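# Observations on chain architecture
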Number of protein chains: 2
Amino acid sequence: MTINQELPYYAVIFTSTQTDSIAGYELMAQEMEALAKIQPGYLGMVSARSQVGITVSYWATLKDIAQWKLQADHSLAQQKGKSDWYEKYSVQICKVERSYGFDKELKEGK
Amino acid sequence: MTINQELPYYAVIFTSTQTDSIAGYELMAQEMEALAKIQPGYLGMVSARSQVGITVSYWATLKDIAQWKLQADHSLAQQKGKSDWYEKYSVQICKVERSYGFDKELKEGK
């Protein structure tokens, strides 16, 4: 997704493979997104799922990410453990150094 | 996905919304992935698509990413233009500063 923020900003790439026990997962995911949106430094979030799921969230600073992780871990702990839903997951915390894009609508001057 | 590489390494986050004209798209995507895998510095790639598509590719250095972009642009130019397939897309080039994960199989000692 396009992020309207001066470089550098930060991205958290969360990649996961789900188990068959996904009761409660969708609700948790919605709550996580709602919770993220009200965190300081939140810039945006995008998700897709095929065989694997990928969620990328964007943040102004590393401190914002650390704060968000504390909130998310706490909130998840009150629900089912992550390990119930995920066969495996990986997280990368990244500094966005360059960004560009294309938008057909803008290009065509609509 | 889990990347077995010392930090820092680099990630390219490609987020896209497709048009209705996706003839040839799947073939192109497969060719792009095959081409990426033989590039210097390629570390891995993961894709998922729901309403939006997200592809994250991982690379050892920024130079490897620049070289890959040259190859990909050239190859795409020989096929349909990106703009035929994509309503819009955005690209972020990122330095991965921290990485962690969970694997149920490893945790349970299987």
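Residues numbered from 1 in each chain as written. Chains lettered and ligands numbered in written order. Predicted model: local features only at pLDDT ≥ 70, side-chain atom pairs only at ≥ 80, totals over all residues.

### Details of the overall build of chain A
Heads up, the rule is: Secondary structure counts use DSSP, requiring at least four H or I residues in a row for a helix and at least two E residues in a row for a strand, with both numbered from the N terminus. A residue is called partly exposed when the number of other C-beta atoms within 10 Å of its own lies between 12 and 20, exposed at 12 or fewer, and buried at 20 or more, with C-beta atoms placed from the backbone.
Scanning chain A from terminus to terminus reveals four helices and four strands. The order of α-helices and β-strands along chain A, N terminus first, is β-α-β-β-α-α-β-α. By principal-axis analysis of the C-alpha atoms, chain A measures approximately 45 × 30 × 20 Å. Residues classed as buried in chain A amount to 25% of the 110 residues present.

### Focus: the sheet that holds strand β2 (residues 42–49) of chain B
What counts, and what does not: When DSSP locates at least two bridges between a pair of strands, those strands are taken to pair. What counts as an axis is a line fitted to C-alpha atoms, over the stretch in contact for a helix, and the angles between N-to-C directions run from 0 to 180 degrees.
The strand order across the open sheet formed by eight strands is β2(A)-β3(A)-β1(A)-β4(A)-β4(B)-β1(B)-β3(B)-β2(B), and the pairing between neighbours is antiparallel. Looking at which strands have only one partner, the edges of the open sheet turn out to be β2 (42–49) of chain A together with β2 of chain B. The mean angle between the axes of side-by-side strands here comes to 25°, regardless of whether they run parallel or antiparallel. Sheet topology places β2 of chain B next to strand β3 (residues 53–59) of chain B; seven bridges connect them, and they run antiparallel. Bridge pairing in β3 of chain B links S47 of chain B to T55 of chain B.

### Remarks on the interface of chain A and chain B
Defined as follows: C-beta atoms are first placed from the backbone for all residues, and any pair lying within 7 Å is then listed as a contact. Put simply, Ala, Val, Leu, Ile, Met, Phe, Trp, Tyr, Cys and Pro go in the nonpolar bin, Asp, Glu, Lys and Arg in the charged bin, and everything else, Gly too, in the polar bin.
Taken together, the contact pairs 35 residues of chain A with 35 residues of chain B. Of all the secondary structure elements, the ones that give two or more residues to the side of chain A that touches chain B are β1 (9–18), β2, β3 (53–59), α3 (82–85) and β4 (86–103) of chain A. It is β4 of chain A that provides the largest number of residues to the side of chain A that touches chain B, a total of 18 residues. Grouping the constituent residues of the side of chain A that touches chain B by class yields 16 nonpolar, ten polar and nine charged. The pairing of β4 of chain A with strand β4 (residues 86–103) of chain B spans 15 bridges and is classified as antiparallel. Bridging from a neighbouring strand, R98 of chain A pairs with I93 of chain B of β4 of chain B.

### What about the environment of A48 of chain B?
Residue and element names in this part refer to chain B. Within the secondary structure, A48 sits in strand β2. With 20 C-beta atoms packed within 10 Å, A48 lands in the buried category. Each C-alpha atom of the pair A48 and T15 lies 9.9 Å from the other, and the pair is 33 residues apart in sequence.

### Examining the nonpolar core
The criterion, for reference: Buried Ala, Val, Leu, Ile, Met, Phe, Trp, Tyr and Cys residues form a nonpolar core when they are connected through C-beta atoms within 7 Å.
With 30 residues, the main nonpolar core has Y10, A11 and C94 of chain A together with Y10, A11 and C94 of chain B as its most contacted residues. Those residues in contact with Y10 of chain B, other than ones at most four positions away along the chain, are Y58, W59, T61, L62, I65, I93, C94, K95 and V96 of chain B.

### Notes on the relation of the copies chain A and chain B
Short version of the rule: To superpose the copies, least squares is applied to the C-alpha atoms of every residue with a pLDDT of at least 70 in both.
At an RMSD of 0.0 Å, chain A and chain B line up after a rotation of 180° and a shift of 0.0 Å along the axis. Classification of the inter-copy transformation places it as that of a two-fold axis. Mapped onto chain B, 100% of the interface residues of chain A are again interface residues, and the two copies thus contact each other with one and the same surface.

### Some thoughts on the pairing of β1 of chain A
Residues and elements named next belong to chain A. As judged from the ten bridges shared by β1 and β4, these two strands associate in the antiparallel manner. Looking at the pairing, T15 lines up with S90 of β4. One ladder, built from seven bridges, connects β1 with β3; its direction is antiparallel. Residue A11 lies in a different strand from β3, and its bridge partner there is Y58.

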